[in-house]
Amino acid sequence: MTFRATIAAVGIALAAAASPSLANPFEPGWILEADSSALRFTSVKNGSVTETSSFATYTGIIDPNGAATVNILLDSVDTKVDLRNVRMRFLFFETFKFPEATVSLQLTEAMLADLPEKRRKIMSIPFSLTMRDITNSGEAELAVTLLTDDMVSVSSATPVTLKTADYDLEVGRGKLEEAAGVTIVPQTTVSFDFVFSRLPSQGGTPPVASAAPSAQAPAAAEPASSFRVATPQPAEPTQVALETSGDFSLEECAGRFEILSRTGNIYFSTASARLRTESRAVLDSIADIISRCPGLTVEVSGHTDSDGSNATNQVLSERRAASVVDYLVTNGVPSDRMIPVGYGEARPIVPNDSSANKQRNRRIEFALSQ
């Protein structure tokens, strides 16, 4: 899906090559115009139902050496349905752990030398895409149209296919299937339409995109032709996630708690109620959601597998639920907004007949208190 970030980076580089007025076509730097661009991906459900979605927030820039970087904020996934967006963020991408995807490219003047003359061309460009700490390489076939010396359009010449397995997204796909009650083809096709523009020069000196000069090399000592670019940073998820601003409705709250119960990202030490540090990211997100559901009380329930005695599992489930509540209280959630409950091994969601199933049954769930 985030392949479109790749295209964004490519487009910036192509735009840079479009200006015949510069000795180095990549100077003084180029930037992705997100408001004039589009990123789309298509998924297939239940064998034949096709759905098209997109991302709303992405940034990109290229430096005078032809090195391009583009970031996509995965929290900005837009399926046009609120709770479907929430499932994509929490169950599929796990944006609380992996908030963005990054695309890198290295371009040369030779790749783009004939663009000012041709005005439009089809070309394949290599790229690397990093998502969920996994980096893969590939090629994108692009249709590049030179609009002006300072602006270029880059669109997909052919759809691009990405496989969920290549980015460790198969578990997330399974969670989506279970939550929505559908089957999902384990790959997506991507299309795009991007516009890029050249950054303005300032008195002949290339602009500096990064604010702070290096301690080893003061800014005054840098040659005028240098161009330091800060890696584009995503906006805060709470600012760009496509959802209701402020408080959620009762339906939105109930749907979110049901989805949060499926993440499987709350971890404890073995046979203990001690939260592991990797649980903090999702718990911090849960604290934010509870704060945006005012007036509602949330049941935080602990569940175990069938290993051990019923009595031991009951106590363990109660202690784990209480541990989660304690963490949320330290992060600003009033204690009277939550009720910790333990169900022991009494409510398995799958049979306790394998280690994988037992892991699923050891869980924390969230629901509106009845």
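What counts and how
Residues numbered from 1 in each chain as written. Predicted model: local features only at pLDDT ≥ 70, side-chain atom pairs only at ≥ 80, totals over all residues. Heavy atoms only, no water. Pairing = 2+ DSSP bridges. Helix = DSSP H or I, 4+ residues; strand = E, 2+ residues; numbered from the N terminus. Axes fitted to C-alpha atoms, helices over the stretch in contact; angles between N-to-C directions. Disulfide = S-S within 2.5 Å. Buried < 20%, exposed > 50% of the residue type's maximum accessible area, 1.4 Å probe, protein only. Contact = heavy atoms within 4.5 Å. Parallel < 35°, antiparallel > 145°, perpendicular 65-115°, else oblique. Left-handed = near helix turned anticlockwise from the far one by under 90°. Nonpolar A, V, L, I, M, F, W, Y, C, P; charged D, E, K, R; others polar.

1. A closer look at the sheet that holds strand β13 (residues 298–303)
What the three strands build is an open sheet, ordered β14-β13-β15; its pairing is mixed. Bordering the open sheet on either side are β14 (338–342) and β15 (363–368), each of which pairs with just one other strand. Averaged over all pairs of adjacent strands, the angle between their axes in this sheet comes to 20°, without regard to strand direction. In the sheet, β13 pairs with β14 via five bridges, with the strands oriented parallel.

2. Concerning the state of the cysteines
For the structure shown, the criterion picks out one disulfide. Between Cys-253 and Cys-293 runs a disulfide, and the two sulfur atoms are separated by 2.0 Å. Sign of the S-S torsion, about -110° for the bond between Cys-253 and Cys-293, identifies this disulfide as left-handed. One end of the pair, Cys-253, is in helix α7 (residues 250–260); the other, Cys-293, is in the loop between α8 (280–291) and β13, and 40 residues separate them in sequence.

3. Here's the deal with helix α5 (residues 170–180)
Considered for burial, the residues of α5 that qualify are Gly-172, Arg-173, Lys-175, Leu-176, Glu-177 and Ala-179. Contacts from the buried residues of α5 go to α2 (82–93). Directly beyond the C-terminal end of α5, a positive phi value near 70° is found at Gly-181.

4. As for the packing of α8 against helix α9 (residues 310–330)
As a packed pair, α8 and α9 sit with axes 10 Å apart at the nearest point and diverge in direction by 65°. The orientation of α8 relative to α9 falls into the category roughly perpendicular. Our pair here, α8 against α9, has a crossing hand that is right-handed. Between α8, through Arg-280, Leu-283, Asp-284, Ile-286, Ala-287 and Ile-290, and α9, the contact on the second element is made entirely by Val-324, Tyr-327 and Leu-328. Residue composition of the contact of α8 with α9, grouped by class: seven nonpolar, no polar and two charged.

Spatial relationships are all this shows, so hold off on functional conclusions.
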